[in-house]
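As a plain string of letters, each chain reads:
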Amino acid sequence: MKKIFLIDFDKTISFKDSTDTLMEAHNYDLLMDYQRLFRAKKLRVREYLKGLLESLNMDEATYMDEVSKNLPLDPHFKEFVGLGYDFRIVSAGTYFNIIPNLKKEGILVPKEHIYSNDIAFKSDGSLEVFFPHENGDSRDGICKRTVVEKYKKIYDQVIFIGDGVSDFDCADVADFVFAKVGLRLANYCEENNIPYIPYESFKDINKYILTNKI
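The sections below set out a description of the structure shown in this document. Note that this is a predicted model, so its numbers are computed, not measured. (Residues numbered from 1 in each chain as written. Predicted model: local features only at pLDDT ≥ 70, side-chain atom pairs only at ≥ 80, totals over all residues. Heavy atoms only, no water.)

1. What about the pattern of salt bridges?
Stage number 1. What the rule picks out here adds up to 13 salt bridges.
Stage number 2. With a closest N to O distance of 2.3 Å, Asp33 and Arg36 form a salt bridge. In this pair, Asp33 and Arg36 both sit in helix H2 (residues 28–39), 3 residues apart, roughly one turn of the helix.
Stage number 3. What makes Asp33 partly exposed here is its relative accessible area of 35%.
Stage number 4. As a salt-bridge pair, Asp175 and Lys152 come within 3.7 Å of each other at their nearest N and O atoms. Here Asp175, found in the loop between helix H8 (168–173) and strand S6 (176–180), pairs with Lys152, found in helix H7 (residues 144–152); they are 23 residues apart in sequence, far enough to count as distant.
Stage number 5. Each member of the salt-bridge network shares a partner with another, and the members are Asp8, Lys144 and Asp167. (Salt bridge = Lys/Arg side-chain N within 4 Å of Asp/Glu carboxyl O. Helix = DSSP H or I, 4+ residues; strand = E, 2+ residues; numbered from the N terminus. Buried < 20%, exposed > 50% of the residue type's maximum accessible area, 1.4 Å probe, protein only.)

Quick look at the structure:
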């Protein structure tokens, strides 16, 4: 059976949210305001990301250095990569949040295997977040559901691994779901009777894959 894993980044491959960790160091007060608005459902993921990152002033090299500080990755993700399965990263963050954090762990993923939002770094130091994978009704900049549906036409089995709000639409259409214990995707699956496998780290995922040969 031809299969592919589609994997969220923030709090899935990483243990913390990369945008929040960056903003804690560079615009903490705005982060607190945005988190309150997000919890009150007054901001969507797309608006949250764009407003926070466009408040910063830094060039590309500085951004990539700063976003990779204080962001631990799941050490067992590298073991997953070593298993040799086809996978893509599907993130409501940005490409520039993902690449430097993988690179510091010696994990190289081509840009065409990452579906995420993007950043233009301007000559005056300002940032502009843009959304190359959105559609008309996307709440998250990227429409993750569209990515899942794309790969369902190519592969026999699409397996999604995630944790949060931006992953809900993926759980609706993926063939198999891993959802992080105690977080929003797991709650969503339970509330909507969507079968899923709970995990705490990629150690659990790797063990399940090897034991059950999914």
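2. Quick look at the packing of helix H1 (residues 18–26) against helix H3 (residues 45–53)
Stage number 1. Orientation of H1 relative to H3, taken along the N-to-C sense of each, is 30 degrees, at an axis distance of 11 Å. In terms of axis orientation, H1 runs roughly parallel to H3. As H1 runs across H3, the sense of the crossing is left-handed. Mapping the contact onto sequence places Thr19, Asp20, Leu22 and Met23 in H1 and Tyr48, Leu49, Leu52 and Leu53 in H3. (Axes fitted to C-alpha atoms, helices over the stretch in contact; angles between N-to-C directions. Parallel < 35°, antiparallel > 145°, perpendicular 65-115°, else oblique. Left-handed = near helix turned anticlockwise from the far one by under 90°. Contact = heavy atoms within 4.5 Å.)

3. Focus: the pairing of strand S5 (residues 157–162)
Stage number 1. Counted residue by residue, S5 has 6 buried out of 6 residues, so it is predominantly covered.
Stage number 2. In S5, alternate side chains face the same way, and those of Gln157, Ile159 and Ile161 on one face and Val158, Phe160 and Gly162 on the other are all buried.
Stage number 3. Taken together, the 5 bridges between strand S1 (residues 3–7) and S5 define a ladder with parallel strand orientation. Bridge pairing in S5 links Ile4 to Val158.
Stage number 4. Across 4 bridges, the pairing between S5 and S6 is parallel. (Pairing = 2+ DSSP bridges.)

4. Description of the side chain of Asp118
Stage number 1. By the secondary structure assignment, Asp118 is in strand S3 (residues 114–121).
Stage number 2. Within the structure, Asp118 has its side chain in polar contact with the side chain of Lys111 (distance 3.2 Å).
Stage number 3. When sequence neighbours within four positions are dropped, the list of residues in contact with Asp118 reads Tyr95, Phe96, Lys111, Glu128, Val129, Phe130 and Pro132. (Polar contact = N/O pair within 3.5 Å; in protein donor to acceptor, adjacent residues only side chain to side chain.)

5. Here's the deal with helix H6 (residues 95–103)
Stage number 1. In terms of burial, H6 is a largely internal element, 8 of the 9 residues being buried.
Stage number 2. Along H6, the residues that are buried comprise Tyr95, Phe96, Asn97, Ile98, Ile99, Pro100, Asn101 and Leu102.
Stage number 3. Next to the buried residues of H6 lie H1, helix H4 (60–67), helix H5 (75–82), strand S2 (87–94) and S3.
Stage number 4. Where H6 starts, the residue carrying a side-chain oxygen 3.2 Å from the main-chain nitrogen of Phe96 turns out to be Thr94.

6. Topic: unusual backbone geometry
Stage number 1. Phi at Lys41 takes a positive value of approximately 65 degrees, unusual for a residue other than glycine.
Stage number 2. With relative accessibility at 77%, the residue Lys41 sits in the exposed group.
Stage number 3. Phi is positive for Asn70, close to 60 degrees, though the residue is something other than glycine.
Stage number 4. Within the element layout of this structure, Asn70 appears in the loop between H4 and H5.

7. What about the packing of aromatic side chains?
Stage number 1. By the definition in use, this model includes 19 aromatic pairs.
Stage number 2. Measuring from ring centre to ring centre gives 6.1 Å for Tyr34 and Tyr48, while their planes differ by 55 degrees; the resulting arrangement is tilted. Of this pair, Tyr34 sits in helix H2 while Tyr48 is found in helix H3, placing the two residues 14 residues apart along the sequence. Taken as a pair, Tyr34 and Tyr48 share a single burial class, namely buried.
Stage number 3. The interplanar angle of 65 degrees and the centroid separation of 5.9 Å between the aromatic rings of Phe80 and Phe87 together place this pair among those described as edge-to-face. In terms of burial, Phe80 and Phe87 fall into one category: buried.
Stage number 4. Connected via pairs of aromatic rings, a cluster forms that spans Phe5, Phe77, Phe80, Tyr85, Phe87, Tyr199 and Phe202.
Stage number 5. A cation over a ring is seen here: Lys111 above Tyr95, with NZ or CZ 4.3 Å from the ring centre. (Phe/Tyr/Trp six-rings, centres within 6.5 Å; stacked < 30°, edge-to-face > 60°. Lys NZ or Arg CZ within 6 Å of the ring centre and 35° of its normal.)

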